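Inside the fold
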Amino acid sequence: MAKRNNVSVVHAITPILTMVRKSTVLVLMFLSLIIAFISQSDHPFAVGPRTFVTDIIVVMYDIALSPMDNITSAAQAISDWTGVYEDNKMLRENAKATENISYRLWLAEQENRRLRQALEFTDMVPFSVRTVRMVGGSDLFRRHGYINLGTRGGIEKGQVVIDGNGLIGRVQEVGQLSAKVVMISDINSKVPVLVVSQDTGERYKAIIAGNNTKFLSLQHFPVEHSIGIGDMILTSGDGEFFPPDILVGEVARIGREQISVEPAAHLNVTDIIHVIDKMVVIPPATDELVEQ
Amino acid sequence: MVQILSDRFIRIFPVIFLCALIVVGGIRLQIMEISPWPHFMLMGVFFWALYSPNVLSTFSLLWLGMFFDMVHGLPVGVSAIIALLLNWMVDSQRRFLLKEPFWVVWLACSLMLTMVMVVNYLLMALLLSTVSLDSHMAVMMMLSMASYPIFHRICMALYFDRLQYVTQQEG
C-alpha cells in the first residue's frame, strides 16, 4: 500500500519537476541576457567584477607563460652563441656603412634644432615607455588584448600602446593587475592621422577606422588628393588621445571610394608591447641648447 | 571518506576541466592574427549533456558561460545563454543520440554547434550593434567540428569510470 502511494507521488511530482527544470533554464537564459546588457555599461558595478576576473586570469597567463619565456630565451642564447663570428663580421661592415649616415643625421638634427628655434616650435614626444606582455585574444566582434600591468603598475585609462613597429591601440579599462587594450583594428576604434604623400610630400588629415579585419580603413580624406600605395600614415595628435607622429601604417590598397591601410604594428601577433608612460614637451630650442 | 572525496571530484571534474580549457582557449598564439582554438566550452557542454546530463547543472552552465565571457572579454552572459541553449537541445535529442553510432553523434554535434554559434553571432551583433564578417567564426566552428572526435576520446578516457557508472544507473 505504502509502495503504491510512493509510486503515485513520484508520478505526480515528475511533470512538475520537469516543468520547474525547463522554466529554470528559461529564467537563467533571460537572466543571462539582462546581465549581458548590464555588462556592456561602464558602471562600476559591471566594470569591478570584470576587471577582478581579468586580473586573476592575466596573472595566471603570466605565470603559465614564464617557463616558455625562459625556454625561448635559452634557445635564443644558444642561437646567438653559434652565430657570434658571423654577427661580428656583419656588425663591422654595418658600422663602416653607418659612419657616414650618422654624420648626416647629426647635421640634420642641428638644422632641425635651429629651425625649431627660429619658429619657437613646441612639441610633445614619447618620453618613457613601459614594456608589458599582452595576453588574451581577439574574437569576431572585438579586437583587443590584456596587458599584465594595472593601476598598481601605474597604468591609466587612455594610455597609448605601441610595439617596435607602430601604434597598437589604447588602454580602455584598467584593473589592479591588468588592463584591457583596444586595438586600432577594432570596429569602434578611430584615430586622427596624417597621410604623408611620397610623391608630392603633401600631408592630408584623415581618420583611420578599424573594421575588425587585418586592414584599416582610411576615412574623411580630401576628395582631391595624391595619396598613393606605400604612403605613410602617422598619428596627427588631434583630439589629444594619441600623441603625434606615431607610425600607424602604410597605404596598401586604393579603391574608388575606399583606401585600405596595412598596420605597421603586428596586431594580435605581438606579445611584448610598450605602453607610453609619459609625454614630454620639447620647448623651443635656445642658443645654449643648440651649442650643446 | 576517500570514496566520498572521489565522488565529489568526479562531480566537479567536468567544471574544472572545462574552466581549464576555457583558459587555454584564451591564450594568444603568435602564428595567426586570431587565436585558432576550437570552442572547448560548447564541445564540453555537448559531451556532458549527452553522456552525463546530471553532472553539469544549469547553474554550472551559467557560471561556465560567464567565466568564458570574462576570459574572452565578451559581454558577460552571452555564452551562458548559448551553453544553456545547447544543453537544452542535446537534452531533447539525448534518447535518440545515445542509441546511434558515433558518426551520427558527431554530425549532431556539428549541427548543434553551428546553430548555437549562429545564435551567438546574432546576440553579439544585437548587443554590440555591429555586424562583422570575417573568417574567425567559420575557423572556430570548423576546428570545433574537426576536433570533436579527439575531444570525445580524451573526455571518455578521463571520465570513463564515471561514465560507466552513469550509463549503468540509467540503463
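In the block above lies the structure referred to throughout.
Below is a summary of the structure that appears in this document. Chains are numbered independently. Their residues run from 1 in the order of the written sequence. Think of it this way: whatever chain is written first is A, whatever ligand is written first is 1, and the rest follow in order. With pLDDT at 70 or above as the cut-off, local features in this predicted model cover only qualifying residues; side-chain atom pairs require 80 or more to be listed or tallied, and sums for whole chains, interfaces and linings still use all residues. Side-chain metrics in this entry use all non-hydrogen atoms of the structure; hydrogen atoms and water are not considered.

1. Section: unusual backbone geometry
It is generally the case that most residues other than glycine have a negative phi and that most peptide bonds are trans. Residues and elements named next belong to chain A. Just so we agree on the cut-off: Counting from the N terminus, the helices are DSSP H or I runs at least four residues long and the strands are E runs at least two residues long. Think of it in three bands: with a 1.4 Å probe and only protein chains considered, a residue is buried below 20% of the maximum accessible area for its type, exposed above 50%, and partly exposed in between.
The backbone of His220 sits at a positive phi, close to 55 degrees, despite the residue not being glycine. The residue His220 is located in the loop between strand E8 (216-219) and strand E9 (232-235) in this model. Residue classification places His220 among the exposed residues on the basis of a relative accessible area of 65%.

2. As for the sheet that holds strand E10 (residues 247-254) of chain A
Residues and elements named next belong to chain A. The cut-off we apply is this: Between any two strands, pairing holds if DSSP finds at least two bridges. For every element, the axis is a line fit to its C-alpha atoms; helices are fit only across the contacting stretch, and the angle between N-to-C directions ranges from 0 to 180 degrees.
What the six strands build is a closed barrel, ordered E6-E7-E8-E11-E10-E9; its pairing is antiparallel. Across the sheet, the mean angle separating the axes of adjacent strands is 40 degrees when strand polarity is ignored. The pairing of E9 with E10 spans three bridges and is classified as antiparallel. When the bridges of E10 are listed, Met232 appears paired with Glu250.

3. Regarding the pattern of salt bridges
All names here are of chain A. The line we're drawing: Salt bridge, as used here: a side-chain nitrogen of Lys or Arg that lies within 4 Å of a carboxyl oxygen of Asp or Glu.
Counting across every chain of the model gives one salt bridge over all chains. With its nearest N and O atoms 3.0 Å apart, the salt bridge here joins Lys205 to Asp238. Here Lys205, found in strand E7 (residues 203-209), pairs with Asp238, found in the loop between E9 and E10; they are 33 residues apart in sequence, far enough to count as distant. Asp238 gets classed as partly exposed once you look at its relative accessible area, which sits at 31%.

4. A word on the packing of helix H2 (residues 40-51) of chain B against helix H4 (residues 78-99) of chain B
Residues and elements named next belong to chain B. Our working rule: In a left-handed crossing the near helix is turned counterclockwise from the far helix by less than a right angle, and in a right-handed crossing that turn is clockwise. In this analysis, two residues are considered to be in contact whenever any of their non-hydrogen atoms come within 4.5 Å of each other. Under the scheme applied, nonpolar residues are Ala, Val, Leu, Ile, Met, Phe, Trp, Tyr, Cys and Pro; charged residues are Asp, Glu, Lys and Arg; polar residues are all the others, including Gly.
Contact geometry for H2 and H4: axes closest at 8 Å, N-to-C directions at 35 degrees. Judged by the sense of rotation from one axis to the other, the crossing of H2 with H4 is right-handed. On the side of H2, the interface is formed by Met41, Leu42, Val45, Phe46, Ala49, Leu50 and Tyr51, while H4 contributes Ser79, Ile82, Ala83, Leu86, Asn87, Val90, Arg94, Leu97 and Leu98. Class assignment of the residues belonging to the contact of H2 with H4 gives a composition of 13 nonpolar, two polar and one charged.

5. Here's the deal with the interface of chain A and chain B
The condition is simple: What counts as buried area is the accessible surface, traced by a 1.4 Å probe, that two parts surrender upon association, with contributions from both included. Here a polar contact is recorded for every N or O atom pair within 3.5 Å, except that within protein the pair must consist of a potential hydrogen donor and a potential acceptor, and residues adjacent in sequence are included only if both atoms are side-chain atoms.
The partner chain B presents 42 residues to the 39 residues of chain A that form the contact. For the pair chain A and chain B, the summed buried surface comes to about 3800 Å²; carbon and sulfur atoms form 66% of the total. Along the contact surface separating chain A from chain B lie zero salt bridges. The tally of links between chain A and chain B comes to one residue pair in polar contact (both at pLDDT 80 or more). Those elements that place two or more of their residues in the side of chain A that touches chain B are helix H1 (2-39), helix H2 (44-82), strand E1 (123-135), strand E2 (144-147) and strand E5 (179-183) of chain A. It is H1 of chain A that contributes the most residues to the side of chain A that touches chain B, eleven residues altogether. A breakdown of the residues in the side of chain A that touches chain B according to their chemical character gives 20 nonpolar, twelve polar and seven charged.

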